[in-house]
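Per-entry structural report
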Amino acid sequence: MDLLSSLRLLRRNWLLILLSLIIGATSAAVITVNTPPKYAATITMMVNSTKIDAAGRYQPVSLQQVKSYGGLLSSRRLISQIVDNEDEAGALQQNITAQAVPETMLLRATVTDGDPVRATRLADALGARFAKMVQEIEGATGVSVMVVDQPRAPTEPVSPSPLSNVAFGLLIALLIGVGSIFLRDRLDITVKTSEALQQSSQSPTLGIIGYEKDARRHPLIVRDRGSSLRSAAYRSLCANLQFIGIDGQPKSLMVTSCLPNEGKSLTSSNLAIALAQSGGRVILIDGDLRRPCLPDYFGIDGAVGLTDVLIGKAQLDDVVQRCGELDLYVLPSGQTPPNPSELLGSRGMRQLLEGLTKSYDMVVIDAPPLLPVINAATLAAACDGALLVARYGKTRQEHLVRAQELLSSANARVVGTVLNAVPAKASGHGHGHETESSIKREVKIPVSG
């Protein structure tokens, strides 16, 4: 993933990042409020030497010797002389920080305690007992310890630090939030780009349909009279169909998907409308015999239709219904048969398609999804081409690979794919549809005229 893609991913998930930061800051604030304050009292001492050698020269204490004294300041031996209780001695030892000031004869010890007065008293006692201990250890060598900076009662706690805690909480929350976003994206194997769709299906992406909230209540683009972004996307899809074959666009097109609820019926319906709006004579066939949707979309009677024609119970002209003022006709599915796959792959279906391609400029078939239905791909072999619909963020790449294998095994020609329900803010999709020129480059078909 490049930098630009990463930034787009973070921008799409800004709400999750904001929520993580709020949780991190709130957690840090709660921890800060519930953490008892700690006060620190510091005492500074100097190690002196009055030792004179035989030549009458002053013998200073070595820096290494001063450094060794720093370890004595937090030793158990010294602390046990300040407090009598063994448990208190252990706790005090944990709260003493002692060190030799580099390149000096100074020693500095800091005592931390929940009571500022007690911290000062303990630091003062530490300095007094330490001076006596050094005298006991060194004896008459002339080494002594002098307090140069008495401990003062602190007025402000050294911990907790609200600003530091909140900053640390925000940093941890940011790392967790951003990390989870990239991890989720890494583990997400659904299709979200035209490139991923093309790679999985091994077919060019002919259309990208943007998501619109109003599409659920008003699925057909005939209502908006071509004014919406979805309408423009379907017009672009129609225009791109002419570039999928040297001899022109197919006369019969099967529209399908990997699984249900990925937008194939909506795509086939609006594609048929867009083709009719461009001046073609179009018939739309409801080939999803198990879950027909077209009667609800177009508000037509679906009791009699394709199945009745195939079994000889009805004539084609009697069940085909014209929709509105467009030169668009719909053949509903009719009654649900016990053997839908056999009917769609029958010789009668092939003969029906041959006759319809002579009477209409385009035959669009809303076919059943490929993966759940046995032999659903056989219908594609009877058509000039198949259009595979994938839903943004739902269709899995592995399902597209399997669908492509099924269509190839049925000797079907996959003319291209459509990425459906793409959010306007999704990476690389702009307003939800690709330009016609980009499709020409993708399918690599020279355009005459």
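Residues numbered from 1 in each chain as written. Predicted model: local features only at pLDDT ≥ 70, side-chain atom pairs only at ≥ 80, totals over all residues. Heavy atoms only, no water.

It is worth spelling out the pairing of strand β10 (residues 362-366) at this point. The element β10 is extensively covered by neighbouring structure, given that 5 of its 5 residues are classed as buried. The alternating pattern of β10 places M362, V364 and D366 on one face and V363 and I365 on the opposite face, and all of these are buried. Pairing geometry for strand β6 (residues 252-257) and β10, over 4 bridges, is parallel. Paired with V255 across the strands is D366, a residue of β10. (Buried < 20%, exposed > 50% of the residue type's maximum accessible area, 1.4 Å probe, protein only. Helix = DSSP H or I, 4+ residues; strand = E, 2+ residues; numbered from the N terminus. Pairing = 2+ DSSP bridges.)

Our next topic: the sheet that holds strand β8 (residues 321-322). One open sheet accounts for 8 strands, arranged β5-β12-β11-β6-β10-β7-β9-β8; its pairing is mixed. Taken across any chain shown, the strands that pair with only one partner, and hence form the sheet edges, are β5 (205-210) and β8. Two elements, β8 and strand β9 (residues 328-331), share 2 bridges in a ladder whose sense is antiparallel. Bridged to R322 within β9 is Y329. Across the sheet, helix α9 (residues 229-241) touches β5, β6, β11 (385-391) and β12 (414-422), and the angle it forms with β5 is around 175°. Sheet strands touched by helix α17 (residues 397-409): β6, β11 and β12. Its angle to β11, the strand with the most contacts, is close to 170°. (Contact = heavy atoms within 4.5 Å. Axes fitted to C-alpha atoms, helices over the stretch in contact; angles between N-to-C directions.)

Attention shifts here to the sheet that holds strand β1 (residues 39-49). In spatial order, the strands read β2-β3-β1-β4; together these 4 strands make up an open sheet with antiparallel pairing. Sheet topology places β2 (96-100) and β4 (143-149) at the edges, where each strand pairs with a single neighbour. Shown here is a sheet whose adjacent strand axes are inclined to one another by a mean of 25°, direction ignored. Here β2 pairs with strand β3 (residues 106-113) via 5 bridges, running antiparallel. Residue pairing across strands places I96 opposite V111, the latter belonging to β3. Running over the sheet, helix α3 (residues 63-73) touches β1, β2, β3 and β4 and is turned about 15° from β3.

Further remarks concern the environment of S228. On the secondary structure map, S228 appears in the loop between β5 and α9. Taking C-alpha positions, S228 is 9.2 Å from E212, a pair spaced 16 residues apart along the chain.

Moving on, we get to unusual backbone geometry. Cis geometry marks the peptide bond from S159 to P160; its omega dihedral reads 0°. By the secondary structure assignment, P160 is in the loop between β4 and α7 (162-187). Even without being glycine, E103 reaches a positive phi, approximately 65°. Note on placement: E103 falls in the loop between β2 and β3. A residue is classified by how much of its surface remains accessible, and E103, at 70% relative accessible area, is exposed. Within the chain, N261 stands out as a residue other than glycine whose phi angle is a positive 65°. For N261, a relative accessible area of 53% gives the class exposed.

Turning to the environment of P338, a few remarks are in order. Within the secondary structure, P338 sits in the loop between β9 and α14 (340-344). A residue is classified by how much of its surface remains accessible, and P338, at 85% relative accessible area, is exposed. Residues P338 and L289 lie 49 residues apart in sequence; the distance between their C-alpha atoms is 9.8 Å.

Below, the discussion takes up α9. For α9, which comprises 13 residues, the first-to-last C-alpha distance of 19 Å matches the rise-based estimate of 18 Å (1.5 Å per residue) to within 8%. Taken as a whole, α9 has its buried residues at R230, S231, A233, Y234, S236, L237, C238, A239, N240 and L241. (Expected span 1.5 Å × (residues − 1).)

Where α9 meets helix α10 (residues 264-277), the axes come as close as 9 Å, and the angle between the chain directions of the two elements is 75°. Compared by their axis directions, α9 and α10 come out roughly perpendicular. The segment α9 lies against α10, with R230, Y234, R235, L237, C238 and L241 engaging L266, T267, N270, L271, A274 and L275. Each residue belonging to the contact of α9 with α10 can be placed in one class, and the counts come to 8 nonpolar, 2 polar and 2 charged. (Parallel < 35°, antiparallel > 145°, perpendicular 65-115°, else oblique. Nonpolar A, V, L, I, M, F, W, Y, C, P; charged D, E, K, R; others polar.)

On to the packing of aromatic side chains. Going through the model one piece at a time under the given rule, you end up with 2 aromatic pairs. Centroid distance Y69 to F130: 6.4 Å. Interplanar angle 80°. Geometry classified as edge-to-face. Of the two residues, Y69 sits in helix α3 while F130 sits in helix α6 (residues 116-138), which places them 61 residues apart along the sequence. Residues Y69 and F130 agree in their burial class; the two are buried. Ring centres of Y329 and Y360 lie 5.7 Å apart, and the angle between their planes is 65°; on these two criteria the pair is classed as edge-to-face. (Phe/Tyr/Trp six-rings, centres within 6.5 Å; stacked < 30°, edge-to-face > 60°.)

The subject of this paragraph is α3. Along α3, the residues classified as buried are V66, Y69, G70 and L73. Down the axis, α3 shows its buried residues gathered within 115° of arc, on one side only. Turned more than 90 degrees away from the buried face of α3, the exposed residues are Q64 and K67. In the core, the buried residues of α3 are packed alongside β1, α4 (76-79), β2, β3, α6 and β4. (Arc of directions from axis to C-beta.)

Geometry only, nothing functional implied.
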